[in-house]
Structure formats: C-alpha cells, structure tokens
Amino acid sequence: DAGVIQSPRHEVTEMGQEVTLRCKPISGHDYLFWYRQTMMRGLELLIYFNNNVPIDDSGMPEDRFSAKMPNASFSTLKIQPSEPRDSAVYFCASSFHPGRNEQYFGPGTRLTVT
Amino acid sequence: QKEVEQNSGPLSVPEGAIASLNCTYSDRGSQSFFWYRQYSGKSPELIMFIYSNGDKEDGRFTAQLNKASQYVSLLIRDSQPSDSATYLCAVLVGSARQLTFGSGTQLTVLP
C-alpha cells in the first residue's frame, strides 16, 4: 500500500508569497494531521481532521495559516503571506480509528522562505 | 514541566550493546504510547507502540510501560550502526487524537 504522499518535497519561496502544501493520506484512514518541525520547537501539531472535518486547529500559529480537507483523499495547508519564520519541515500524518491510534507520517515538505 | 520529556542525548553505545531510551510523561490520563525513529532529513517512522503496562517485544526492540511511574522506555538489543537516529517518544492523552511528542533522543551506535 502507498503511504502518505506529500507534495512538493521542497519549496523555496520569497517572503510575502502564498505557499500551498498538499497531502494524500493512506487510503481508508479517517484522521489526518498536519505537523511542523523545527530545531527550536521540535514537532508541533498544527491541525487535525476527522472524516474531513477540522477537529482542533489550536496549533495553527496565526491567521496566515489555513487548512482544508475537501475529500477523504486530499488536504492542503496554505500559508498566505509567507514569512521567513515559517521555514520548517511540514509533515502530514494519517491514522485509522476506531481502536488504532498509530499515526503514519508522509515524507514531509521542506519549506524555505527567503 | 513539559508534557513529554526525553533525555536529548546524545547517547552513544557500541555496536552489539543494548541501547536504553527513556521517556516520562506528566498526564496520568495518557493511554497510548509510541516510539518513532527519525533519520536525519527523513520523516518520523513508527517502530513501536504500547497500550498496556508491561513489556512488548518486536524483533530487537522492546517497549516497556509503567503507568504508575509514568514512564515508557525503548530497549534496542544488539544495536547496529543503522540504528543511529533520533528516537521520538509520543503520547496520546485522553480522548483526543493528537499525539504529544518529546524532543527526541539522538542515538549513535559506534562500529
């Protein structure tokens, strides 16, 4: 089975530009999570969805960040406008409920904002 | 106090030795516990999960959970240089689905 798929793998953009990160969860998984990882702050949860509905977005740093999940096989994380401090690796992960809590991560998108 | 704490390391062990990684957590409502391995420049990879007190073995890996003492550990037997990575402890609290991660322990296995 294919794992979690993310695109692009690398993104370099200038400050002020819009950035869209994409994720395809593992087929059949009903939870999708967006994380950000930096050296200073480690791995942080930004937002997660259950059955395409956002459940907790308390980790989203500010209004410049938004996430959507229009269907069970696709999610986007958008940053508009981007800032240098948004530079990080963004991971998408998915899991299947009920009874199974294991999360499986995608390869990540390395974002650099100059 | 951080919710999930790990020794940041680095931890170095010789090849063939047992590597012991420890993690403590603050919320007694924590129910599920996970160990992820992350190679440099790669994504976290789930290697073990444990839900009940006691030991769980999978190949060279053993996860140990003690809810009364609020710690979970990972033992890696017959350590190999390929085990050199950062190991992340993660905890699921209550009915929420989100994991809380520790800051990770960097392990180096010396040939």
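Heads up: these notes are all about the structure in this document.

Parameters at a glance
Residues numbered from 1 in each chain as written. Chains lettered and ligands numbered in written order. Predicted model: local features only at pLDDT ≥ 70, side-chain atom pairs only at ≥ 80, totals over all residues. Heavy atoms only, no water. Helix = DSSP H or I, 4+ residues; strand = E, 2+ residues; numbered from the N terminus. Rg over C-alpha atoms; globule rule 2.2 N^0.38 Å. Buried < 20%, exposed > 50% of the residue type's maximum accessible area, 1.4 Å probe, protein only. Areas by Shrake-Rupley, 256 points an atom, 1.4 Å probe, with all protein chains shown as cover. Lys, Arg positive; Asp, Glu negative; His and termini not counted. Charge placed at Lys NZ, Arg CZ, Asp CG, Glu CD. 1 Å grid on protein atoms, 1.4 Å probe; cavity = no way out; pocket = protein on both sides within 12 Å on 5 of 7 lines; lining within 4 Å. Points joined across faces, edges and corners; volume = space filled by probe spheres on them. Nonpolar A, V, L, I, M, F, W, Y, C, P; charged D, E, K, R; others polar. Core = buried A, V, L, I, M, F, W, Y, C linked by side-chain atoms within 4.5 Å. Contact = heavy atoms within 4.5 Å. Phe/Tyr/Trp six-rings, centres within 6.5 Å; stacked < 30°, edge-to-face > 60°. Lys NZ or Arg CZ within 6 Å of the ring centre and 35° of its normal. Polar contact = N/O pair within 3.5 Å; in protein donor to acceptor, adjacent residues only side chain to side chain. Salt bridge = Lys/Arg side-chain N within 4 Å of Asp/Glu carboxyl O.

## What to know about the overall build of chain A
In step 1: The helix and strand tally for chain A stands at 0 helices and 11 strands.
In step 2: Of the regular secondary structure in chain A, the N- to C-terminal order runs β-β-β-β-β-β-β-β-β-β-β.
In step 3: What you see for chain A is a C-alpha radius of gyration of 13 Å, in line with the 13 Å of a compact globule of 114 residues.
In step 4: Relative to its full complement of 114 residues, chain A shows a buried share of 48%.
In step 5: Carbon and sulfur atoms make up 50% of the accessible area of chain A, which amounts to about 5,800 Å² in all.
In step 6: Across chain A, the centroid of the 11 positively charged side chains sits 4 Å from that of the 13 negatively charged ones.

## Some remarks on the layout of surface pockets
In step 1: In this structure, the largest pocket occupies an estimated 1,200 Å³ of space.
In step 2: The wall of the largest pocket is formed by 41 residues, among which Gln37, Thr38, Gly42 and Leu43 of chain A together with Ser103 of chain B lie closest to the centre.
In step 3: Among the elements of the structure, strand E4 (31-38), strand E5 (42-50), strand E9 (88-95) and strand E11 (109-113) of chain A together with strand E9 (85-93) and strand E10 (99-101) of chain B are those that each provide at least two residues to the lining of the largest pocket.
In step 4: Split by residue class, the lining of the largest pocket holds 15 nonpolar, 19 polar and 7 charged.

## Describing the nonpolar core
In step 1: Trp35, Val72, Leu74, Ile76 and Tyr87 of chain B are the most contacted members of the largest nonpolar core, which totals 23 residues.
In step 2: For this core, the secondary-structure elements that each account for two or more residues are strand E3 (19-25), strand E4 (30-38), strand E5 (45-50), strand E7 (61-66), strand E8 (71-76), E9 and strand E11 (105-110) of chain B.
In step 3: Excluding residues within four positions of it along the chain, valine 72 of chain B makes contact with Leu21, Asn22, Cys23, Phe33, Trp35, Ile50, Gln64, Leu65 and Cys89 of chain B.
In step 4: Counting residues in each nonpolar core, the second largest holds 21 residues, with Val19, Cys23, Met60 and Leu111 of chain A among its members.

## A look at the packing of aromatic side chains
In step 1: One pass over the full model with this rule turns up 13 aromatic pairs over all chains.
In step 2: Ring centres of phenylalanine 105 of chain A and tyrosine 36 of chain B lie 5.4 Å apart, and the angle between their planes is 80 degrees; on these two criteria the pair is classed as edge-to-face. Of this pair, phenylalanine 105 of chain A sits in strand E10 (residues 104-105) while tyrosine 36 of chain B sits in strand E4, on two different chains. Each member of the pair phenylalanine 105 of chain A and tyrosine 36 of chain B is classed as buried.
In step 3: Between phenylalanine 34 of chain B and tyrosine 51 of chain B, the ring centres sit 6.1 Å apart and the planes meet at 70 degrees, which makes this aromatic pair edge-to-face. One end of the pair, phenylalanine 34 of chain B, is in strand E4; the other, tyrosine 51 of chain B, is in the loop between E5 and strand E6 (54-58), with 17 residues separating them in the sequence.
In step 4: For phenylalanine 34 of chain B, a relative accessible area of 0% puts it in the buried group.
In step 5: Every member of this aromatic cluster is reached through a ring pair, and the members are Tyr31, Phe33, Tyr35, Tyr48, Phe91 and Phe105 of chain A together with Tyr36 and Phe101 of chain B.
In step 6: Lying over the aromatic face of phenylalanine 61 of chain B, arginine 60 of chain B brings its terminal NZ or CZ to 5.6 Å of the ring centre.

## Some remarks on the environment of tyrosine 51 of chain B
In step 1: Exposure remark for tyrosine 51 of chain B: the relative accessible area of 25% places this residue in the partly exposed category.
In step 2: On a C-alpha basis, the gap between tyrosine 51 of chain B and serine 82 of chain B in space is 27 Å, while along the polypeptide they are 31 residues apart.
In step 3: Reaching out from tyrosine 51 of chain B, the side chain makes a polar contact with the backbone nitrogen of asparagine 101 of chain A at a distance of 3.5 Å.
In step 4: Within the structure, tyrosine 51 of chain B has its side chain in polar contact with the side chain of glutamate 102 of chain A (distance 2.5 Å).

## Notes on the interface of chain A and chain B
By a widely used convention, the size of an interface equals the accessible area lost when the partners come together.
In step 1: Taken together, the contacts link 20 residues of chain A with 18 residues of chain B.
In step 2: Our count for the chain A to chain B interface comes out at 0 salt bridges.
In step 3: There are 8 residue pairs in polar contact (both at pLDDT 80 or more) connecting chain A and chain B.
In step 4: Elements with a minimum of two residues in the side of chain A that touches chain B: E4, E5 and E10 of chain A.

## Notes on the pattern of salt bridges
Residues and elements named next belong to chain A.
In step 1: The final tally for this structure, using the stated rule, is 11 salt bridges over all chains.
In step 2: When the shortest N-O distance is used, the salt bridge between arginine 64 and glutamate 62 registers 2.8 Å.
In step 3: Given a relative accessible area of 10%, arginine 64 falls into the buried group.
In step 4: Since its relative accessible area comes to 26%, glutamate 62 is described here as partly exposed.
In step 5: Residue glutamate 62 is joined to arginine 85 by a salt bridge in which the shortest nitrogen-to-oxygen separation is 3.2 Å. In this pair, glutamate 62 is assigned in the loop between strand E6 (53-56) and strand E7 (65-71) and arginine 85 in the loop between strand E8 (74-79) and E9, connecting sequence segments 23 residues apart.
In step 6: The network of salt bridges with shared partners includes Glu62, Arg64, Glu83, Arg85 and Asp86.

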